[in-house]
Amino acid sequence: MSYNHVIVEADGGSRGNPGPASYGALVRDPVSGKVIVQQGKTIGIATNNVAEYSGLIAGLELAAEYAPDASIEVRMDSKLVIEQMAGRWKIKHPDLQPLAIKAQGLAPFGTEWTWVPRAQNAAADALANNALDGVPIPLQPADAQVPAAQPVAPPSDQQKAMRGWGAQAEPPTQLIFLRHGETPHTAEKRFSGSGGDDPSLSETGRAQAAAAAEYIARLGGVDAIVTSPMRRTRETAAVVAEKLGLDAVVDEGWVECAFGDWDGHTFAEVQEKWPDALNAWMESTTVAPPGGESFDACARRARAARDGLLARHPGKTVVVVTHVTPIKLMVRSVLQAPMPSIFRMELRPATITEAHWHADGLASLRSFNVVPQLV
């Protein structure tokens, strides 16, 4: 089942502070109030605050797995965690800083942070206590129902649009996705992922990069450029950066999907040598090529990279020089289309795809696969 919005409830506690500690976390459908997935685990000897942050991280990880496209509201009775994650309180304790950084990386752009009284966080608290008491906790409760903390249906897309696109709205963050220019592998339609040969741009690819740079310069208003670390994207980004007078920053999150043993082979060659593995890969985005990375794993990585850009550049325009797979995954996310839809998209080299993200989490696709004219 697909969810547009979910509530993460989390708690943690220590019997001794520090002492034997555990956390509880669950993901709830706010419309029905039903629990989608839950978890309670012990974490050894820790403080209350470490246990609470551990519960938050577990809840966000569950949300990423079971509701990957949903916006999130986090509800906790820990004032410290909520205020620190909302950015209103500083994180001074060294034990909490790495946990907060991890949680920030997991929380989608626009996550809401809500403090609730302890009585309204009873479900997560019970999970944490049951874990310490050794009570088995099913991943998905049999009745899929735990008392909810006043479930509220999320606003519809139309309601969001009224807020996000109205005259008084904050400007959206604009991401201009640029696929790299052609390489020899591109021309021959060979798998070319991270960990493979990492070819340079061809002469045609360099001309395409120059045309893309001219096109983006005419758009104007670019505030930053980020690029995948692969050679072909860095070379493409360098052309754009020189044209715009900006520095291109490498971001590992935008690297191409890893195709493992298939790297450097054409689709026909893979079909001949790995027919069963290819069929399984085509049937499910959870399946990875031998020695490679699944599209689902790539999607989680790209989403984290996107959320980082949205947090660092709110209301700005950023050029993202990347690859076919991350761009298709971003388009799928904006359109809230099923994962297999990525198999129905085609992107030519050095094409432009633009998407806007509003502060309330609503996104819109502004262009797709635009081919700049060579000059």
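Residues numbered from 1 in each chain as written. Predicted model: local features only at pLDDT ≥ 70, side-chain atom pairs only at ≥ 80, totals over all residues. Heavy atoms only, no water.

**Concerning the overall build of the chain**
Rules: Under the DSSP-based scheme used, a helix requires at least four consecutive residues in state H or I and a strand at least two consecutive residues in state E, with every element numbered from the N terminus. Throughout this description, buried means an accessible area under 20% of the type-specific maximum (1.4 Å probe, protein chains only), exposed means over 50%, and partly exposed covers the range between. The contact criterion used is simple: two residues touch if any of their non-hydrogen atoms lie within 4.5 Å. To be clear on the numbers: accessible area is Shrake-Rupley with a 1.4 Å probe, and residue cover counts the displayed protein chains and nothing else.
Helix and strand counts for the chain come out as 12 helices and 11 strands. With the C-alpha coordinates aligned to their principal axes, the bounding extent of the chain is approximately 65 × 55 × 40 Å. Residue burial in the chain is summarised as follows: out of 375 residues, 51% are buried. Look at the contacts in the chain between residues 6 or more apart in sequence, and 70% of them connect residues 24 or more apart. Carbon and sulfur atoms make up 51% of the accessible area of the chain, which totals about 17300 Å².

**Remarks on the pattern of salt bridges**
Here is the rule: We define a salt bridge as a side-chain nitrogen of Lys or Arg found within 4 Å of a carboxyl oxygen belonging to Asp or Glu.
The tally for this structure, following the rule as stated, stands at 15 salt bridges. Arg15 is the partner of Asp133 in a salt bridge, and the nearest nitrogen-oxygen pair spans 3.0 Å. Within this pair, whereas Asp133 is found in helix α4 (residues 122–133), its partner Arg15 is found in the loop between β1 (5–14) and β2 (19–28), the two being separated by 118 residues in sequence. Taken together, the salt bridges that share partners define one network made up of Asp77, Arg118 and Asp125.

**Some details on the pairing of strand β3 (residues 35–46)**
For clarity, the cut-off: Strand pairing is assigned whenever DSSP identifies at least 2 bridges connecting the two strands.
Pairing geometry for β2 and β3, over 10 bridges, is antiparallel. In the strand pairing of β3, Val27 is matched with Val37. What sits between the antiparallel neighbours β2 and β3 is a turn of six residues, in which Gly33 has the positive phi angle 80 degrees.

**Brief notes about the side chain of His323**
Along the polypeptide, His323 turns up in the loop between β9 (317–322) and α12 (324–335). On the accessibility criterion, His323 (0% relative accessible area) is buried. If we skip the residues at most four places from it in the chain, His323 touches Arg179, His180, Ser228, Met230, Arg232, Thr233, Trp254, Val255 and Glu256.

**What to know about the packing of helix α11 (residues 295–312) against α12**
What counts is decided by this rule: The axes used here are C-alpha line fits, helices contributing only the stretch in contact, and every angle between their N-to-C directions lies in the interval 0 to 180 degrees. Orientation categories follow fixed angle ranges, with anything under 35 degrees roughly parallel, anything over 145 roughly antiparallel, 65 to 115 roughly perpendicular, and all other angles oblique. Amino acids outside the nonpolar list (Ala, Val, Leu, Ile, Met, Phe, Trp, Tyr, Cys, Pro) and the charged list (Asp, Glu, Lys, Arg) are all regarded as polar, and Gly is one of them.
The N-to-C vectors of α11 and α12 enclose an angle of 75 degrees; their axes lie 9 Å apart at closest approach. Considering the angle they form, α11 stands roughly perpendicular to α12. Side by side, α11 and α12 meet where Phe295, Cys298, Ala299, Ala302, Arg303 and Arg306 of the first sit next to Thr325, Leu329, Met330 and Ser333 of the second. For the contact of α11 with α12, the class distribution of residues is six nonpolar, two polar and two charged.

**Digging into the confidence of the model for the chain**
A low pLDDT means the predicted coordinates there should not be read in detail. To be explicit about the condition: pLDDT is a residue-level measure of predictor confidence that goes from 0 to 100.
Across the chain, pLDDT averages 89, with 91% of residues at or above 70. Contacts of residues 144–153 to residues separated by more than four positions or lying in other chains number 23 contacts, the stretch itself having pLDDT below 50. Confidence over residues 159–168 falls short of pLDDT 50; this stretch has 16 contacts with residues more than four positions distant or in other chains.

**Focus: the sheet that holds strand β6 (residues 173–179)**
The strand order β8-β7-β9-β6-β10-β11 describes an open sheet built from six strands, whose pairing is mixed. Each of the sheet's edge strands pairs with one partner strand only, and the pair in question is β8 (248–250) and β11 (363–370). Pairs of neighbouring strands in the sheet enclose a mean axial angle of 20 degrees, with direction left out of account. Of the strand pairs in this sheet, β6 and strand β10 (residues 352–357) are connected by six bridges, and their pairing is antiparallel. Paired with Phe177 across the bridge in β10 is Thr353. Docked against the sheet, α12 engages β6, β9, β10 and β11, running at close to 140 degrees with respect to β11.

**What about the sheet that holds β2?**
Ordered by their spatial adjacency, five strands build an open sheet running β3-β2-β1-β4-β5, and the pairing between neighbours is mixed. Each having just a single partner strand, β3 and β5 (112–115) make up the two edges of the open sheet. Going from strand to strand, the sheet's axes swing by 20 degrees on average, the running direction of each strand aside. Relative to strand β4 (residues 71–76), β1 runs parallel, the two sharing five bridges. Each residue of the ladder has a partner; that of Ile7, found in β4, is Glu73. Seen against the sheet, helix α1 (residues 48–66) touches β1, β2, β3, β4 and β5 and runs at an angle of roughly 155 degrees to β1. Packed on one face of the sheet, α4 meets β1, β2 and β3 and runs near 140 degrees to β2.

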